Amino acid sequence: MGKDDVKLLSMWASPFCMRVKVALAEKDVAYEEILESDLMGAKTELLIKSNPVHKQVPVLLHDDKPVVESTNILTYIDEVWPAKPLLPACAYGKSRARFWADYIDRKVFPAGRNVWTAKEDDQVESARKEFLDILMYLDGTLGEQDYFNGDTFGFVDILLIGLTSWFPAFEKYGGFKVEDEYPKLAAWITRSYARETVSESLTSPEKITNFVGMMRQMYGIE
Amino acid sequence: MDVSEVVLLDFWASLFCMRVKIALAEKGVQYDCKEENLANKSQLLLQMNPVHKKIPVLIHHGKPISESNIIVQYIDEAWQNKHPPLLPSDPYLKAQARFWADFVDKKVPIICHIFLLRFSIDLICVEKNTQINDGARRIWSTKGEELEKAKREFIEWLNVLEEQLGDKAYLMGESFGYADIAMVPFYCWFYALETIGKMSIEKECPKVVAWMKRCMERESVSKSLPDPHKVYEFRLQKLNNKTT
């Protein structure tokens, strides 16, 4: 078997790219990161060629073959490098993981966006409530487990943990603290950040919060 | 196999339920189909899908699986010993199949919905000779533009599939599978879209229509999709109820 050539087209602020970095780190897969410039910059030819339909990061290039959409990339990584599996072994366990992956993908980031783009007090209030309702479901499904995957850090944990780098920004502009509302979920965040694969893959929340502040000024929200 | 081991909470006009029915039929799985009244959801549905409270839900050995594409993947894995496989075995091709099913999921339903809502209201007003007040007149005058914009968006997205198909029989190649199952239920909406939108999808995207017709030759598909005329009437009735 030849040596794998793995490249990741990514952008520093993207929580979807952070997920892929965590997954590659968990699997001990070496890769080259190719950073796209900031959101406002022009997209590179390589990105457009690799993801012509959506033209978005992240893109995993495995021996120059592109895999796109972060959740899809994670599933691919789990299948190609099966040691230390990220998904449960049984079909039912897999379907539960995929269900929560779909829920997280559909709900968390858009609701978070509603929080930091809200201008009037009543908009902030409504966005905060929506976001906290989503966290309620996640907190409920975590239950008393250490991880969403049970005893071991896995697929759903990786999908959510990248998004948590944006949580302090949501907290700042939404006027809430996850720790006060859902302490079990906050404990899971701390527990996950203690893993080197996570702390080394995620952009610092401080940098993200500054970035969000800058975007709010650009959009005339503040 | 006891059919009650496998239960599908269903609604006849739901595109997402059709995907599941196709997958179960492909694998030759017998099941108990329970039709839901969406205006009065059953306790079983609310219990089995408390987060979204939506159909389809597959219940296997008493355990629920929801979200149509997730259900189809589950069917492929739970009955992996039954031919045919719905997903390729190669991880890269599998990722491609998931990409296309996800593409369909993201774009086509939204566009179809916009389409039908916009055009059907028009049709109902004309059919009922509704009094046109100023508000309606304003809406009507912009409707032409919105109509054309919605049509363009819809065809643009179908053209992405047209290009992906190329000379292939199915979206992923020579075998019918997961990505085709994601799309083919939308074929029963084409008649409604063409009638209301006054367009020919076949003229714009001949390969897509040929692919849909090829899929319909499979019994699993033809038995799982309702009559397009029935779908058109149902859509009109639904919008009729909304505008009265």
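Whatever comes next refers back to the structure up there.
Residues numbered from 1 in each chain as written. Chains lettered and ligands numbered in written order. Predicted model: local features only at pLDDT ≥ 70, side-chain atom pairs only at ≥ 80, totals over all residues. Heavy atoms only, no water.

A. Region of interest: the overall build of chain B. Check the secondary structure of chain B and you find eleven helices and four strands. Partitioning the contacts of chain B with sequence separation of at least 6, the portion at a separation of at least 24 is 73%. Entry remark: accessible area of chain B is about 12000 Å², with carbon and sulfur atoms responsible for 50%. (Helix = DSSP H or I, 4+ residues; strand = E, 2+ residues; numbered from the N terminus. Contact = heavy atoms within 4.5 Å. Areas by Shrake-Rupley, 256 points an atom, 1.4 Å probe, with all protein chains shown as cover.)

B. Structural detail: the interface of chain A and chain B. Contact residues are listed per partner, giving 25 residues for chain A and 28 residues for chain B. A combined buried area of about 2300 Å² lies between chain A and chain B, and 62% of that area is made up of carbon and sulfur atoms. It is Tyr 92, Arg 98 and Phe 99 of chain A that lose the most area in chain A upon contact with chain B, and together they represent 26% of the buried surface on that side. Across the contact surface, chain A and chain B share five salt bridges. A salt bridge links Arg 106 of chain A to Glu 67 of chain B, with the nearest nitrogen and oxygen atoms 2.4 Å apart. (Buried area = accessible area lost by both parts, 1.4 Å probe. Salt bridge = Lys/Arg side-chain N within 4 Å of Asp/Glu carboxyl O.)

C. Spatial organisation of helix H9 (residues 183-193) of chain A. Residues and elements named next belong to chain A. What H9 keeps buried is the set Leu 185, Ala 186, Trp 188, Ile 189 and Ser 192. Buried residues along H9 cover an arc of 155° about the axis, so they all sit on one side. Turning to H9, the residues buried within the fold contact helix H5 (121-142), helix H6 (155-163), helix H7 (167-174), helix H8 (178-181) and helix H10 (196-199). (Buried < 20%, exposed > 50% of the residue type's maximum accessible area, 1.4 Å probe, protein only. Arc of directions from axis to C-beta.)

D. Spatial organisation of the environment of Lys 203 of chain B. With respect to the element layout, Lys 203 of chain B can be found in helix H8 (residues 201-204). Considered as a pair, Lys 203 of chain B and Ser 222 of chain B are 19 residues apart in the sequence and their alpha carbons are 23 Å apart.

E. Here's a closer look at the packing of aromatic side chains. Residues and elements named next belong to chain A. Following the criterion strictly, the structure yields 26 aromatic pairs over all chains and no others. Ring geometry for Phe 99 versus Trp 100: centroids 5.1 Å apart, planes at 90°, classification edge-to-face. You'll find Phe 99 and Trp 100 in the same group, each marked buried. Between Phe 148 and Trp 188 the ring centres are 5.0 Å apart and the planes differ by 85°, which places this aromatic pair in the edge-to-face class. A residue pair is termed long-range when its members are at least 10 positions apart, and Phe 148 in the loop between H5 and H6 and Trp 188 in helix H9 qualify at 40 residues. Residue Trp 188 is classed as buried on the basis of its relative accessible area of 0%. Taken together, the ring pairs connect Trp 12, Phe 16, Phe 109, Phe 131, Trp 166, Phe 167, Phe 170, Phe 176 and Phe 211 into an aromatic cluster. A cation over a ring is seen here: Lys 207 above Trp 12, with NZ or CZ 4.5 Å from the ring centre. (Phe/Tyr/Trp six-rings, centres within 6.5 Å; stacked < 30°, edge-to-face > 60°. Lys NZ or Arg CZ within 6 Å of the ring centre and 35° of its normal.)

F. Structural view of the packing of H5 of chain A against H9 of chain A. Residues and elements named next belong to chain A. For the pair H5 and H9, the least separation of the axes is 9 Å and the interaxial angle reads 75°. The orientation of H5 relative to H9 falls into the category roughly perpendicular. Facing H5, whose interface residues are Leu 135, Asp 139 and Leu 142, H9 presents Lys 184, Leu 185 and Trp 188. The residue makeup of the contact of H5 with H9, split by class, is four nonpolar, no polar and two charged. (Axes fitted to C-alpha atoms, helices over the stretch in contact; angles between N-to-C directions. Parallel < 35°, antiparallel > 145°, perpendicular 65-115°, else oblique. Nonpolar A, V, L, I, M, F, W, Y, C, P; charged D, E, K, R; others polar.)

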